[in-house]
Amino acid sequence: MKIAIIGAGNLGLAIAKGILHSNGATTMYLTKRNIKSIQEFEKYGNVTVTSDNQEAVKNSDILIFAVQPGHFASILQETKDLLTEKHVVISTITGFKIPRIEEIIGSDKYIIRSMPNTAISVGKSMTCICSNELGKKRVDLAKAIFNRMGHTMEIPEDQMQAATVICASGIAFWMRLIRATTQGAIQLGFDAKEAQELAMHTCNGAASLLIESGSHPEEEIDRVTTPKGCTIEGLNEMEHQGLSSSLIRGIVSSFEKISEIRKG
Ligand SMILES: NC(=O)C1=CN([C@@H]2O[C@H](COP(=O)(O)OP(=O)(O)OC[C@H]3O[C@@H](n4cnc5c(N)ncnc54)[C@H](OP(=O)(O)O)[C@@H]3O)[C@@H](O)[C@H]2O)C=CC1
Ligand SMILES: O=C(O)[C@@H]1CCC=N1
């Protein structure tokens, strides 16, 4: 697999690390305008770092675009004449819809939109995927690429913004919950390092329980809540303070913002 990551910033580099971690590419190009900060990736023999997007496109088959939305159209313009039937164009760009990509490069290209998150760097991304009509023939290939670095779900394009909030922004939301749990553990007497260890492994355990057992969160809650015990006491106080409600309202606000950015 010859992969190019056009725009090796926060997300692009996370994807690059995930690919390296999973041995997912025979060759990999990483591009950005100022390459000084990513030069170290050349220590991996199969990685080329360059500011020349055209060179990266010519020498790769799978093109993963991870630039800011405002830069995407001009980069597509700059590279569109180099696109051939070997190329699969994968965009991670928030709010940049497939018809807009087709307007620039044509509908006769394999186009995939993917929404991974930064946990891709450790092979644990939740990645949502959709495609243009022709791209349907390459969805399995895209899933195979991203399944090596986590879990994938194919969704309709009109759910991509919601997926961005839940999965991509979701990393920040879960980090804050882990951090708050850590702060609670410090108040109960653990040192900061121990407190974070307790919080993150408990979080990992909770998610793994649901993934591996297929059970509903409330079933698992019922198993932990001893009548008149400390768990239900804590849980009910959290709900009196609006835990579920604040999470839901935060998610909806985030979605409203993304819809507003799209319109702008
Ligand atoms: N961060 C996240 O968790 C997620 C981000 N996204 C989406 O991914 C995209 C990237 O986000 P993020 O990684 O945070 O942004 P960054 O700003 O960190 O990365 C974008 C990179 O693009 C590079 N770039 C800019 N212009 C060019 C160019 N002409 N050619 C090649 N590279 C260029 C920039 O480097 P330089 O200036 O040196 O060129 C920069 O490193 C966005 O569209 C975002 O919506 C999606 C899901 C999650
Ligand atoms: O915060 C943002 O707008 C972008 C999209 C998802 C993650 N980062």
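A quick note: this is a predicted structure, and the numbers were derived from the prediction, not measured. Every chain's residues receive numbers from 1 upward, in the order its sequence appears when written. Here chains are named by letter from A upward and ligands by number from 1 upward, in the order in which they appear as written. In view of the model being predicted, local features appear only for residues whose pLDDT reaches at least 70, and side-chain atom pairs are presented and counted only at 80 or more, with totals across whole chains, interfaces and linings using the full set of residues. Heavy atoms from the whole structure form the basis of all side-chain values; hydrogens and water molecules are not counted.

**With respect to the environment of I248**
We apply this condition: The way it works is that DSSP assigns letters per residue, a run of H or I at least four long becomes a helix, a run of E at least two long becomes a strand, and they are numbered from the N terminus. Three labels apply to residues, based on accessible area from a 1.4 Å probe with only protein chains included: buried if under 20% of the type maximum, exposed if over 50%, partly exposed otherwise in between.
Position of I248 relative to the elements: it lies in helix α10 (residues 243-263). Take I248: its relative accessible area is 53%, and that puts it in the exposed class. Sequence spacing of I248 and T152 is 96 residues, and the spatial spacing of their C-alpha atoms is 23 Å.

**Describing the site of ligand 1**
The condition that has to hold: Here, proximity means that at least one heavy atom of the residue falls within 4 Å of the molecule or strand. For the purposes of these results, a polar contact is taken to be a pair of N or O atoms within 3.5 Å, where, inside protein, one atom must be able to donate a hydrogen and its partner to accept one; residues adjacent in sequence count only when each atom of the pair is a side-chain atom. Using a 1.4 Å probe, the Shrake-Rupley method yields the accessible areas, and only the shown protein chains count as cover for residues. Throughout this entry, Asp, Glu, Lys and Arg are counted as charged residues, while Ala, Val, Leu, Ile, Met, Phe, Trp, Tyr, Cys and Pro are counted as nonpolar. The remaining residues, Gly among them, count as polar.
Taken together, 23 residues form the shell around ligand 1, and within it L11, R33, V67, Q68 and T94 come nearest. A distance of 3.4 Å separates an oxygen atom of ligand 1 from a polar atom in the backbone of G9. Within the contact set of ligand 1, a nitrogen atom lies 3.0 Å away from a side-chain nitrogen or oxygen of N53. A total of 880 Å² of accessible area belongs to ligand 1 in isolation, and the protein chains cover 81% of it. At the level of elements, α1 (10-21) and α3 (69-79) are the ones that each hand at least two residues to the shell around ligand 1. The element that contributes the greatest number of residues to the shell around ligand 1 is α3, accounting for three residues. The class makeup of the residues in the shell around ligand 1 is ten nonpolar, eleven polar and two charged.

**Digging into the UniProt feature "domain: Pyrroline-5-carboxylate reductase dimerisation" (unreviewed entry) in the protein chain**
Basically, it comes down to this: UniProt positions are given in the numbering used here, feature names are shortened, and annotations may be inferred rather than shown by experiment.
Those places that UniProt annotates as "domain: Pyrroline-5-carboxylate reductase dimerisation" (unreviewed entry) correspond, in this numbering, to residues 157-260. Counting secondary structure, residues 157-260 comes out at 84% helix and 0% strand; the distance between its end C-alpha atoms is 17 Å.

**Side note on the sheet that holds strand β6 (residues 110-115)**
Applicable threshold: Any two strands between which DSSP finds at least two bridges are classified as paired. Axes here mean lines fitted to C-alpha atoms, for a helix over just the part in contact, with angles spanning 0 to 180 degrees between N-to-C directions.
Taking strand neighbours across the sheet as the criterion, the eight strands line up as β3-β2-β1-β4-β5-β6-β7-β8 in an open arrangement whose pairing is mixed. At either end of the open sheet lies a strand with only one pairing partner, and these are β3 (47-50) and β8 (150-154). Each adjacent strand pair in this sheet contributes to an overall mean axis angle of 20 degrees, direction not counted. In this structure, strand β1 (residues 2-6) lies alongside strand β2 (residues 27-31), joined through five bridges in parallel fashion.

**Re the site of ligand 2**
As a matter of local geometry, ligand 2 sits amid T94, T164, A168 and S169. The residue makeup of the shell around ligand 2, split by class, is one nonpolar, three polar and no charged.

**A closer look at a nonpolar patch on the surface**
Put simply, the test is: Surface patches are drawn from residues lacking salt bridges whose relative accessible area is over 30%; two like charges belong together within 9 Å, two nonpolar side chains (Val, Leu, Ile, Met, Phe, Trp, Tyr) within 5 Å. By definition, a salt bridge exists where a carboxyl oxygen of Asp or Glu is found within 4 Å of a side-chain nitrogen of Lys or Arg.
On the surface, I166, F173, I248, I251 and V252 cluster together to form a nonpolar patch covering roughly 400 Å² of accessible area. Counting residues per element, the nonpolar patch draws most heavily on α10, which supplies three residues. Turning to its location among the elements, V252 is positioned in helix α10.

**Examining the packing of helix α6 (residues 160-187) against helix α7 (residues 192-213)**
Keep this limit in mind: Put simply, angles under 35 degrees are roughly parallel, angles over 145 are roughly antiparallel, angles from 65 to 115 are roughly perpendicular, and the rest are oblique. When the near helix sits turned anticlockwise from the far one by under a right angle, the crossing is termed left-handed; a clockwise turn instead gives a right-handed crossing. Contact definition: two residues touch when any of their heavy atoms are within 4.5 Å.
Two elements in contact, α6 and α7, have axes whose closest approach is 8 Å; the angle formed by their N-to-C orientations is 135 degrees. By the angle class used here, α6 and α7 are oblique. Judged by the twist between their axes, the crossing of α6 over α7 is right-handed. For the pair formed by α6 and α7, the contact residues are I178, T181, T182, A185 and I186 on the first element and A192, A195, Q196, A199, M200 and C203 on the second. In terms of residue class, the contact of α6 with α7 is built from eight nonpolar, three polar and no charged.

**Re the environment of Q77**
Relative to the helices and strands, Q77 resides in helix α3. C-alpha separation for the pair Q77 and S131, spaced 54 residues apart in sequence, amounts to 20 Å. A polar contact of 3.3 Å, which involves the side chain of Q77, links it to the side chain of K80.

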